[in-house]
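# Report on the structure
Below, each chain spelled out in residue letters.
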Amino acid sequence: MTICTIEDLRKLAEKRVPRMFYDYADSGSWTESTYRANELDYQSIKLRQRVAVDMTNRSTALPMVGTDTFMPVALAPTGLTGMQHADGEIHAAKAAEKFGVPFSLSTMSICSIEDIAEHTSAPFWFQLYVMKDKRFLENLIERAKVANCSALILTLDLQILGQRHKDVRNGLSTAPYKSIKGLTQIAMKPMWAMKMLATKRRGFRNILGHAEGVSNLDSLFSWTAEQFDPQLSWQDVEWIKKKWGGKLILKGILDVEDAKLAVASGADAIIVSNHGGRQLDGAPSSISQLKAIVDAVGDLIEVHVDGGIRSGQDVLKAIALGAKGTYIGRPFLYGLGAMGEKGVTKALEIIHKELDISMALCGERELKNINRKNLLPGSF
């Protein structure tokens, strides 16, 4: 199979990953309208083509919160990454390091903070969920410090889980090995299963053995279901900022008023995000809200965006609208599920090639010079 697009990687991942884990990555909440809008709304934004300009010596570099990047595309924090492919977070982090882009690790990862630190040398970012167990939370922050994480991403839009129908139907709310459906799906992907059997990393290793009373998968599932804190507030953000003491990125901002509150909190950056359409179905796409948020706070805080990015042109459009950085979740997960570390690298290569060529055809040699002048008026 000749792989030219992220869609090609998606099709290959669908063939190689057990249905429940593929669906976990490739789904949204309720009707999935926001999930679809995230991707579709990029198509209405039109690039302004320019000709007869020097296109040599191009650069897609643009720093994100002080981190130099080959291109401003970070690997987003995604839960259960290590169930797309054995040791998935390690493979993704290594691919990101070699490519020169940031990698961010989810609290709900399969591989632990320590696993990533052991297998990479570049500082990575850690994403934090606010749990009711504050002692565990403090310990998690301290572990991220010890691992030399260079930024903390605090997710604000997951106090209560949005229902994803595919997860319910696949029985992913319980341990997969406990259901006939789960075991059957795994048995149908023998190559995936063989690689998974060869690794010790098959549970949430940031939590197992670290949270009180959580020593096995059964206790882990019950603990996780109870721990997301619905009382999360801006006071918690302030407390975490003090505990962390380093670069803080707030993820889940979709409203101008919340963006202003984020600025007041002292955070270093925000991610305009609707959690990939996995939380509030019916919310607007991330890209549709980017311009208003940049106009309101873009001079006061670094604004990033995630959700729906499937190509380098999507990255270019986001940068043109004022984003200083972007994140990909599903694209690198598709690559990981399809081909492991090589697949993640392939996803990054696809996005970079399209970003680089499209930037040149818009008449620019450096990504830092891209702005709204490179878009057709009325298309955004």
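So, here is what we can say about the structure in this document.

## Some remarks on the nonpolar core
- Grouped together as the largest cluster of nonpolar side chains are 111 residues, with contacts concentrated most on Ile270 and Leu290.
- Counting residues per element, this core draws most heavily on helix 15 (residues 330-361), which supplies 12 residues.
- Those residues in contact with Leu290 that lie beyond four places of it in its chain are Val272, Val303, Val305, Ala318, Leu321 and Ala323.

## A short note on empty space enclosed by the protein
- Scanning all chains against the criterion turns up 1 cavity of 30 Å³ or more.
- Taken as a whole, the largest cavity spans an internal volume of roughly 50 Å³.
- Lining the largest cavity are Tyr129, Val130, Thr155, Leu158, Gln159, Phe228, Asp229 and Leu232.
- Counted by class, the lining of the largest cavity contains 5 nonpolar, 2 polar and 1 charged residues.

## Some details on the layout of surface pockets
- Estimates place the volume of the second largest pocket at around 400 Å³.
- Lining of the second largest pocket is provided by 20 residues; of these, Glu7, Glu39, Gln43, Arg310 and Asp314 occupy positions nearest its centre.
- Among the elements of the structure, helix 1 (6-16), helix 3 (33-40), helix 14 (312-320) and helix 15 are those that each provide at least two residues to the lining of the second largest pocket.
- Residues of the lining of the second largest pocket, tallied by class, amount to 7 nonpolar, 4 polar and 9 charged.

## Focus: a positive patch on the surface
- A contiguous patch of positive charge, built from Lys11, Lys15, Arg16 and Lys195, is present on the exposed surface.
- Counting residues per element, the positive patch draws most heavily on helix 1, at 3 residues.
- Of note, Lys195 is situated in helix 9 (residues 190-197).

## Considering the side chain of Asp306
- Residue placement: Asp306 occurs in strand 7 (residues 302-306).
- According to the relative accessible area criterion, Asp306 is buried, its value standing at 7%.
- A polar side-chain atom of Asp306 sits 2.7 Å from a polar atom in the side chain of Ser273.
- Residues within four places of Asp306 in sequence aside, it is in contact with Lys251, Ile271, Val272, Ser273, Asn274, Ser286 and Tyr327.

## A look at the pattern of salt bridges
- On inspection of all chains with the given rule, the structure shows 23 salt bridges.
- A salt bridge links Lys242 to Glu238; the nearest nitrogen and oxygen atoms lie 3.5 Å apart. With Lys242 and Glu238 both in helix 11 (residues 234-244), this residue pair falls 4 residues apart, about one helical turn.
- Residue classification places Lys242 among the exposed residues on the basis of a relative accessible area of 64%.
- The residue Arg372 makes a salt bridge to Asp295 at a minimum N-O spacing of 2.9 Å. Linking Arg372 in the segment after helix 15 with Asp295 in helix 13 (residues 286-297), this pair joins segments that are 77 residues apart in sequence.
- Classification of Arg372 by relative accessible area gives partly exposed; the value is 25%.

## Structural notes on the packing of helix 11 against helix 12 (residues 256-265)
- Packing of helix 11 against helix 12 brings their axes to within 10 Å, and their N-to-C directions diverge by 35°. Note on packing geometry: the crossing formed by helix 11 with helix 12 is right-handed. Within the contact between the two elements, helix 11 uses Trp234, Val237 and Lys241 and helix 12 uses Asp258, Leu261, Ala262 and Ser265.
- Split into classes, the residues belonging to the contact of helix 11 with helix 12 amount to 4 nonpolar, 1 polar and 2 charged.

## Notes on the side chain of Arg10
- Structurally, Arg10 is set in helix 1.
- The buried category is assigned to Arg10, whose relative accessible area is 17%.
- At 2.8 Å, the side chain of Arg10 and the side chain of Glu7 are in polar contact.
- In contact with Arg10, other than residues within four places in its own chain, are Tyr22, Asp26 and Tyr334.

## Comments concerning the environment of Lys346
- With respect to the secondary-structure elements, Lys346 resides in helix 15.
- In this structure the C-alpha to C-alpha distance between Lys346 and Leu336, which are 10 residues apart in sequence, comes to 9.3 Å.
- If sequence neighbours within four positions are ignored, Lys346 has contacts with Ile3, Leu9 and Met339.

## Some remarks on the pairing of strand 4 (residues 151-155)
- With respect to burial, strand 4 is a largely interior element, 5 of its 5 residues being buried.
- For strand 3 (residues 125-128) and strand 4, the ladder comprises 4 bridges, and the chain directions are parallel. Bridge pairing links Leu128 to Leu154 in strand 4.
- Handedness of the crossover joining strand 3 and strand 4 through helix 6 (residues 134-146): right-handed.
- Two elements, strand 4 and strand 5 (residues 247-253), share 5 bridges in a ladder whose sense is parallel. Residue pairing in the sheet places Ala151 in a bridge with Lys247 of strand 5.

## Regarding helix 4 (residues 88-99)
- Taking 1.5 Å per residue, 12 residues should reach 16 Å; helix 4 reaches 17 Å between its end C-alpha atoms and fits that length.
- Among the residues making up helix 4, those that are buried are Gly88, Glu89, Ile90, Ala92, Ala93, Ala95, Ala96 and Phe99.
- Residues of helix 4 that are buried sit in contact with strand 1 (73-75), strand 2 (104-105), helix 5 (113-119) and helix 15.
- Just downstream of helix 4, Gly100 is the residue with a positive phi angle, here 90°.

What counts as what
All residue numbers refer to positions counted from 1 along the written sequence of the respective chain. Local features are withheld for residues below a pLDDT of 70 in this predicted model, meaning they are given only at 70 or higher, and side-chain atom pairs are given and counted only at 80 or more; totals for whole chains, interfaces and linings count all residues. Hydrogens and water are ignored here; the side-chain numbers use all heavy atoms of the structure. For our purposes a nonpolar core is just a set of buried Ala, Val, Leu, Ile, Met, Phe, Trp, Tyr and Cys residues, chained together by side-chain atoms within 4.5 Å. Only protein chains enter the accessibility calculation, which uses a 1.4 Å probe; a residue is then buried when its area is under 20% of its type maximum, exposed when over 50%, and partly exposed in between. Helix and strand assignments come from DSSP, with helices taken as H or I runs of at least 4 residues and strands as E runs of at least 2, each series counted from the N terminus. Here, residues are in contact when the closest pair of their heavy atoms is within 4.5 Å. With a 1 Å grid spanning the protein atoms alone, the term cavity applies to any set of points in which a 1.4 Å probe fits but cannot get out, the term pocket to an open set with protein on both sides within 12 Å along at least five of seven lines, and the term lining residue to any residue with an atom within 4 Å of a point. Grid points are joined across faces, edges and corners, and a volume is the space filled by probe spheres set on the points. Following the grouping adopted for this structure description, the nonpolar residues are Ala, Val, Leu, Ile, Met, Phe, Trp, Tyr, Cys and Pro, the charged ones are Asp, Glu, Lys and Arg, and the polar ones are all others, Gly among them. Nonpolar side chains (Val, Leu, Ile, Met, Phe, Trp, Tyr) are joined into patches within 5 Å and like charges within 9 Å, using only residues with over 30% relative accessible area and no salt bridge. Methods summary: accessible areas were calculated by the Shrake-Rupley approach with a probe of 1.4 Å, and residue burial reflects only the protein chains presented. One side-chain nitrogen of Lys or Arg within 4 Å of one carboxyl oxygen of Asp or Glu is enough to make a salt bridge. Charge assignment in this entry is limited to Lys and Arg as positive and Asp and Glu as negative, and neither His nor the chain termini are counted. The atom standing in for a charge is NZ when the residue is Lys, CZ when it is Arg, CG when it is Asp and CD when it is Glu. Nitrogen and oxygen atoms within 3.5 Å of one another constitute a polar contact, given that in protein one can donate a hydrogen and the other can accept it, and given that sequence-neighbouring residues count only through two side-chain atoms. Throughout, an axis means a line fitted to C-alpha atoms (over the contacting stretch in the case of helices), and angles, computed between N-to-C directions, take values from 0 to 180 degrees. For any pair of crossing helices, the crossing counts as left-handed if the nearer helix is rotated counterclockwise from the farther one by less than a right angle, and right-handed if it is rotated clockwise. One requirement defines pairing of two strands: DSSP has to find at least two bridges between them. Every crossover in which the path from the first strand over the helix to the second runs clockwise, viewed with the strands pointing away from the viewer, is termed right-handed. An expected span of 1.5 Å times one less than the residue number is assigned to each helix.

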